[in-house]
Amino acid sequence: MTTQSSAQSVISAEANPTVARQPDGLGKRVGEVAEITVLLDAKPGGAERFRQNGAKIQDDAFQYERLVGTVHDFRVTFINNDTQIIGAVTYDGDFKPYLADIFANAGPWFDEMFEGVVEGYPGRRLRTSSTGWQRRSWRPTCGTPPIRP
């Protein structure tokens, strides 16, 4: 009986995981898995530029995602007649260390994706000006990180 009862407790804990706010920034988390989903304004012609570079961006994804190492999933989608962008990422750990990892290891890839595409994107200055750009440009949306089996 004890074994069955403890097994039921584990199943019920997994069925109702705790979703919490990131302690140090945007997004939500379940355990160590965190997410950020933001809405950004696209520059006029930005979607076309992104699509023109899409094959290279995709080819480079594996290299940069390996360098960052904490990313599970990263998506960019244009909406509202290509005037806005939804950016969504699922990763391990806290927000600030994740951003530091991105800036240190994938800055050129983000420049490749977002320069001339996202309104106000600071480019290589991202490391030093990211907080101001985030406050002005990132509109967090509702999201919940996926739950790993």
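Residues numbered from 1 in each chain as written. Predicted model: local features only at pLDDT ≥ 70, side-chain atom pairs only at ≥ 80, totals over all residues. Heavy atoms only, no water.

Enquirer: Let's hear about the overall build of the protein chain: which residues, and what values?
Expert: Tallying secondary structure elements over the protein chain gives four helices and six strands in all. Its helices and strands in sequence order give the protein chain the pattern α-β-β-β-α-β-β-α-α-β, from N to C terminus. Residues counted as buried form 39% of the 149 residues belonging to the protein chain. Counting only contacts in the protein chain whose residues sit at least 6 apart along the sequence, the fraction spanning at least 24 positions is 68%. (Helix = DSSP H or I, 4+ residues; strand = E, 2+ residues; numbered from the N terminus. Buried < 20%, exposed > 50% of the residue type's maximum accessible area, 1.4 Å probe, protein only. Contact = heavy atoms within 4.5 Å.)

Enquirer: How would you explain empty space enclosed by the protein if you had to name every residue and give the values?
Expert: One water molecule sets the probe size; rolling that probe over the atoms shows where empty space is left. Applying the stated criterion to the full structure yields two cavities of 30 Å³ or more. Estimates place the volume of the second largest cavity at around 40 Å³. Secondary structure elements with two or more residues in the lining of the second largest cavity: helix 2 (46-68), strand 4 (71-79) and helix 3 (95-114). The element contributing the most residues to the lining of the second largest cavity is helix 3, with five residues. Class assignment for the residues of the lining of the second largest cavity results in nine nonpolar, no polar and one charged. (1 Å grid on protein atoms, 1.4 Å probe; cavity = no way out; pocket = protein on both sides within 12 Å on 5 of 7 lines; lining within 4 Å. Points joined across faces, edges and corners; volume = space filled by probe spheres on them. Nonpolar A, V, L, I, M, F, W, Y, C, P; charged D, E, K, R; others polar.)

Enquirer: Describe the side chain of D101, and please don't skip the residues or the numbers.
Expert: Relative to the helices and strands, D101 is located in helix 3. Residue D101 is classed as buried on the basis of its relative accessible area, which comes to 17%. Of note is the side chain of D101, whose polar atom sits 2.6 Å from the side chain of N105. In contact with D101, not counting residues within four places along its chain, are L67, V68, T70 and A106. (Polar contact = N/O pair within 3.5 Å; in protein donor to acceptor, adjacent residues only side chain to side chain.)

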